[in-house]
Amino acid sequence: MLRIFNKIRKIGVITETVDDERDAAFEEVGEQLRARVGEMFNGSLAIREVDAGSCNGCELEVNALNNAFYDVERFGVHFVASPRHADMLLVTGPVSKHMEAALRRTYDATPDPKLVLAMGDCGADGGEFGCSYASCGGVSNIIPVDGVIRGCPPTPLALMKAILAMIEKRAVEA
Amino acid sequence: MSAYAWLPEFLERLKADNVLLEDESVGVAAGITMLLLEAEDWGRAAAQAQKYGLRWTGGWADEIGEEIIVNACLVHHSDLLLLRARLPLGSPVLPSHTPYYPGADRMERHTQDMYGVVFSDHPDPRRWARHHAWGENEYPLRRDFPIAGTRHYPMRTDDNYRFLQTQGAGVYEIPVGPVHAGIIEPGHFRFQAVGEQVLNLEQRLGYVHKGIEKIAMGRDAQGVARLAARVSGDSTVAHTWAACMAMEQAAGIEVPERANWLRAIMCERERIANHLGDIGAICNDVAFAFANYQFSRLRESWQRVSQQVFGHRFMMDCVVPGGVAHDEGVGYLEQLRVGLEPLRHEMHELMPILDDNSSLEDRLATTGFLSAEIAARFGSTGYVGKASGQDIDARRDRRYSPYDRLDVRVPVFTDGDVEARMHVRSEEILVSLDLLEQLLRDIPEGPIRTEWRAPQEGAEGIGVVDGWRGEILTYVRFDAAGRVRRFFPRDPSWFTWPALEQLIHGNIVPDFPVCNKSVNGSYSGHDL
């Protein structure tokens, strides 16, 4: 047990180091996000991630948002297990034909008003996989999409910025 | 044992079992020994191969002219052997390998759905790759099937798949997925349970089938490499390497030494990144959050260096046909080298904490036990095989460049439980760090790419690469225009997904997530 505490003490809080450019940028975006989430979502933005056919690259980067470097929960953003608890769907693609019905159902199960962010080049337009007998292409071919973040895959910082931009857009519209 | 020294004896056994083998039946395809068999001998050849101790490592079909070509790849003493049968397009029927090699089950059903090949004595001829995106009598990989498909209306769910039924007092079913509760890939699991005990688990995959084999047809080598990089995003380096190895073999292209060393450097980095993430995630599934935070921290730092040096956090598209995309230069390599010792130090600090934690041991030891016998029957490689006594590693066994110059230590355990699968990962991280040390020290100078030359019509290639999940086997064949006509990347997950169905028996439902994570099969790599 002592070793655990010792290790934790030695590592310290890596989340708040801002000596690195990336961390500083992330911190800044995060603070803006926290302010917006505070105003619009009562302090807590719940995201349901849906893999609708991805290669798993995007999923790894979404997971990275939860590591101690990014720790996205401190800005009020957290990932939930059920679409019924979600304000936002984060959908990776391309939408495979075999996931089409499941994606529609997940969308229907998410309460209004809801936001949909399509992630990755594949989520944007089908990417390397395009449209075929097995792929419906981009997410917007199946459900309404509010924002798109390109990249293969987008970095955690780019993803954070996209979440912020989408909320900002919704704020302007409202 | 020298290369193929066992083959004459094996051929004698086949002949003794009345498998028709003429002189011209034994040939070479894709650079390996190939036996051309009569369809009726297909099953008996597998029976003899299984008795003789060959491992079944992949099966796929191809369409050439008015024939369907069925291939099965086996391996013995690290020598590959290709079995091939030519069937008429109108009635492609042949016996199944599944009765002798249960690991062949899903790949044969995949071939059945994609090419319309009938495996006459297959014990379970239900559809596998096919949900509702195409019809029962349509075969997407055949030439006459349009790439855009035939069904353009909204798809319904895969609702009439016939699952195994269980009856009895107190037996209940738990359907899970395709959309899972975590940030992971989609698939369906059907549990039958009594109380907390799992009686049976049946997987239903294919949800992320995105037509990779079909859209590869007609692409040039560079296009297929980009596709290979996205077969399974977490194994992007290993899959691209295997695809390029196959294409380079078909084209007779010699890759510069330095390029192979850079490929190996990236592949070892990929192994370390994924193993780090997995160790943390396994611990997280039994609520040991400390380990998750520590190992995801190490993973993130590791990926940031990959970004700085290779321009991509996963090193995607860095391996290209003929070599690698860009040279890293001396300064960058130094940057990679200085990261090795700190990680080794962290591993030596963290693993004893995990090993001495009694609550962690309570949850991981004996959980999800996979016997060596079952692992061998399915042909499981990677950490799943290595944790259950399967001493298989293509880097050491196949000695492809640059591993012919390196001494690859392969950690093998016999406990077969979640803890052993975690320990294979931690040991492999240390091995990879040693390998990286040597690779970065001894990397030769020189060019990093040979110009790509398209091969002649019909040229075939097979690439075998040991990725972090296990052995990847990739087959390619080129057409007259120098474009790829057939691309089949066989992810190691084909042989570990069915192992998960076995190792969960007798475990409690709440231990499924940690068992699943310890296997960490690729959905995308398997569904294609």
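Throughout this document, residue positions are counted from 1 along each chain, in the order its sequence is written. Written order decides the labels, with chains lettered from A and ligands numbered from 1. Whole-chain, interface and lining totals are the exception, using all residues; otherwise, since this is a predicted model, local features are given only for residues with pLDDT of at least 70 and side-chain atom pairs are given and counted only at 80 or more.

1. Observations regarding the overall build of chain A
Strands here are runs of E lasting at least two residues and helices are runs of H or I lasting at least four, both read from the DSSP assignment and numbered beginning at the N terminus. The number of helices and strands found in chain A is six helices and five strands. Going residue by residue from the N terminus, the α and β elements of chain A occur as α-α-β-α-β-β-α-β-α-β-α. The globule rule used for comparison is 2.2 Å times the number of residues to the exponent 0.38, while the radius of gyration itself is calculated over C-alpha atoms. In terms of C-alpha radius of gyration, chain A reaches 17 Å, essentially the compact-globule figure of 16 Å for 174 residues. Expressed along its principal axes, the backbone C-alpha trace of chain A runs to roughly 55 × 35 × 30 Å. Note on burial: count the other C-beta atoms lying within 10 Å of the residue's C-beta; 20 or more is buried, 12 or fewer is exposed, in between is partly exposed, and C-beta positions come from the backbone. Each of the 174 residues in chain A was classed as buried or not, and the buried ones make up 51%. Nonlocal contacts in chain A, meaning residues at least 24 apart in sequence, comprise 79% of its contacts between residues at least 6 apart. What counts as a contact here is a pair of residues whose C-beta atoms, placed from the backbone, lie within 7 Å.

2. As for the sheet that holds strand 1 (residues 26–29) of chain B
All names here are of chain B. Taken together, five strands build an open sheet; the order of strands is 1-2-5-4-3 and the sheet is mixed. Each end of this open sheet is capped by a strand with a single partner; those strands are strand 1 and strand 3 (55–64). On average, adjacent strands in this sheet sit at an angle of 30° to one another, irrespective of strand direction. With nine bridges joining them, strand 3 and strand 4 (residues 67–76) adopt antiparallel strand pairing. Directly across from G58, in strand 4, lies its bridge partner C73. Strands qualify as paired when DSSP identifies two bridges or more between them. Here an axis means a line fitted to C-alpha atoms, over the contact stretch when the element is a helix, while the angle between two N-to-C directions is reported on a 0 to 180 degree scale.

3. Re the packing of helix 15 (residues 418–442) of chain B against helix 17 (residues 512–519) of chain B
Residue and element names in this part refer to chain B. It is at 9 Å that the axes of helix 15 and helix 17 come closest, and there the two elements cross at 35°. Seen along the crossing, helix 15 lies across helix 17 with a hand that is left-handed. Across from V418, R421 and M422 in helix 15, the residues of helix 17 making contact are V514, C515 and S518. Considering only residue class, the contact of helix 15 with helix 17 consists of four nonpolar, one polar and one charged. Crossings are classed by handedness, with left-handed meaning an anticlockwise turn of the near helix from the far one by less than a right angle and right-handed meaning a clockwise turn. Under the scheme applied here, ten amino acids are nonpolar (Ala, Val, Leu, Ile, Met, Phe, Trp, Tyr, Cys and Pro), four are charged (Asp, Glu, Lys and Arg), and all others, including Gly, are polar.

4. Things to note about the sheet that holds strand 1 (residues 45–51) of chain A
Residue and element names in this part refer to chain A. Pairing in this open sheet of five strands is parallel, and the strands run 2-1-3-4-5 from one edge to the other. With one partner strand each, in any of the chains shown, strand 2 (77–79) and strand 5 (147–149) form the two edges of the open sheet. Taking the axes of each pair of neighbouring strands and ignoring which way they run, one obtains an average angle of 25° across the sheet. Sheet analysis places strand 1 next to strand 3 (residues 88–92), joined by five bridges and oriented parallel. When the sheet's bridge partners are listed, I47 is paired in strand 3 with M88. Packing of helix 6 (residues 156–173) onto the sheet brings it into contact with strand 2, strand 4 (115–119) and strand 5, and relative to strand 5 it is tilted by some 165°.

5. Details of the interface of chain B and chain A
Contacts between chain B and chain A engage 47 residues on the former and 40 residues on the latter. Put simply, the parts of the chain that give the side of chain B that touches chain A at least two residues each are helix 4 (212–216), helix 5 (221–228), helix 8 (289–310) and helix 10 (340–355) of chain B. Sorting elements by how many residues they give to the side of chain B that touches chain A places helix 8 of chain B first, with six residues. By residue class, the composition of the side of chain B that touches chain A is 23 nonpolar, twelve polar and twelve charged.

6. Observations concerning unusual backbone geometry
With omega at 10°, the peptide bond leading from G93 of chain A into P94 of chain A counts as cis. Of note, P94 of chain A is situated in the loop between strand 3 and helix 4 (97–109). Looking along the chain, the bond that leaves G177 of chain B and enters P178 of chain B is cis, with omega of 20°. Tracing the chain through its elements places P178 of chain B in the loop between strand 8 (171–176) and strand 9 (188–194). Of note in this structure, H77 of chain B is not a glycine but carries a positive phi near 45°. Mapped onto the secondary structure, H77 of chain B falls in the loop between strand 4 and strand 5 (79–88).

7. Notes on the nonpolar core
A set of buried residues drawn from Ala, Val, Leu, Ile, Met, Phe, Trp, Tyr and Cys, joined through C-beta atoms within 7 Å, is what defines a nonpolar core. Of all hydrophobic cores here, the largest spans 197 residues; its most connected members are V91, L117 and I163 of chain A together with V224 of chain B. For this core, the element with the highest residue contribution is helix 7 (residues 257–284) of chain B, accounting for 14 residues. Taken together, domain 1 (7–119) and domain 2 (212–527) of chain B each give at least three residues to this core, which thus spans both. Sequence-distant contacts of V224 of chain B, that is, excluding residues within four places in its chain, are made with A216, R219, A243, M247, V484 and F487 of chain B. Domain borders in the structure are assigned automatically or taken from a domain database.

8. Remarks on the pairing of strand 13 (residues 460–467) of chain B
Residue and element names in this part refer to chain B. Burial analysis of strand 13 places eight of its eight residues in the buried class, the great majority of the element. Of the two faces of strand 13, the one holding E460, I462, V464 and D466 and the one holding G461, G463, V465 and G467 are both buried throughout. Counted between consecutive antiparallel strands, the loop separating strand 13 from strand 14 (residues 470–478) contains two residues.

9. Some words on the domain arrangement of chain B
Residue and element names in this part refer to chain B. What the domain assignment reports for chain B is domain 1 (7–119) and domain 2 (212–527). One C-alpha centre belongs to domain 1, the other to domain 2; they are set 27 Å apart. Domain 1 puts 18 residues into the contact, and the matching count from domain 2 is 19 residues. Listing elements by their share of the side of domain 1 that touches domain 2, those giving two or more residues are strand 3 and helix 3 (105–115). At six residues, the largest contribution of residues to the side of domain 1 that touches domain 2 is made by strand 3. Along the lines of polarity and charge, the residues of the side of domain 1 that touches domain 2 split into nine nonpolar, five polar and four charged.

10. Side note on the pairing of strand 14 of chain B
All names here are of chain B. In terms of residue burial, strand 14 counts as a mostly covered element, since nine of its nine residues are buried. Both strand 13 and strand 14 contribute to a ladder of eight bridges, which runs antiparallel. Each residue of the ladder has a partner; that of V465, found in strand 14, is I472. Where strand 14 lies against strand 15 (residues 484–490), six bridges are found, and the strand directions are antiparallel. In the sheet register, F478 faces strand 15, and the bridge partner there is V484. Taking the residues that link successive antiparallel strands as the turn, the strand 14-strand 15 hairpin has five residues, and the phi of G482 there is positive, at about 75°.

11. With respect to the confidence of the model for chain B
pLDDT expresses, on a scale from 0 to 100, how confident the predictor is about each individual residue. Scored by pLDDT, chain B comes out at a mean of 94, with 99% of its residues at no less than 70. Ranking the elements of chain B by mean pLDDT puts helix 9 (residues 329–338) of chain B last with 82 and helix 5 of chain B first with 98.

12. Points about the environment of A3 of chain B
Residue and element names in this part refer to chain B. Relative to the helices and strands, A3 is located in the segment before helix 1 (7–16). Judged by local crowding, A3 falls into the exposed class, with 10 C-beta atoms found within 10 Å. A C-alpha to C-alpha distance of 9.8 Å links A3 and H76, two positions 73 residues apart in sequence.

13. Examining the environment of A16 of chain B
All names here are of chain B. Mapped onto the fold, A16 is located in helix 1. For A16, a count of 9 C-beta atoms within 10 Å translates into the label exposed. As a C-alpha pair, A16 and A499 span 483 residues in sequence and 33 Å in three-dimensional space.

14. Some details on the packing of helix 6 (residues 236–251) of chain B against helix 7 of chain B
All names here are of chain B. The interhelical angle for the contact between helix 6 and helix 7, taken along N-to-C directions, is 145°, at an axis separation of 8 Å. For the pair helix 6 and helix 7, the contacting residues are V237, A238 and W241 in the first and R263, M266, C267 and E270 in the second. Grouping the amino acids of the contact of helix 6 with helix 7 by side-chain chemistry returns five nonpolar, no polar and two charged.

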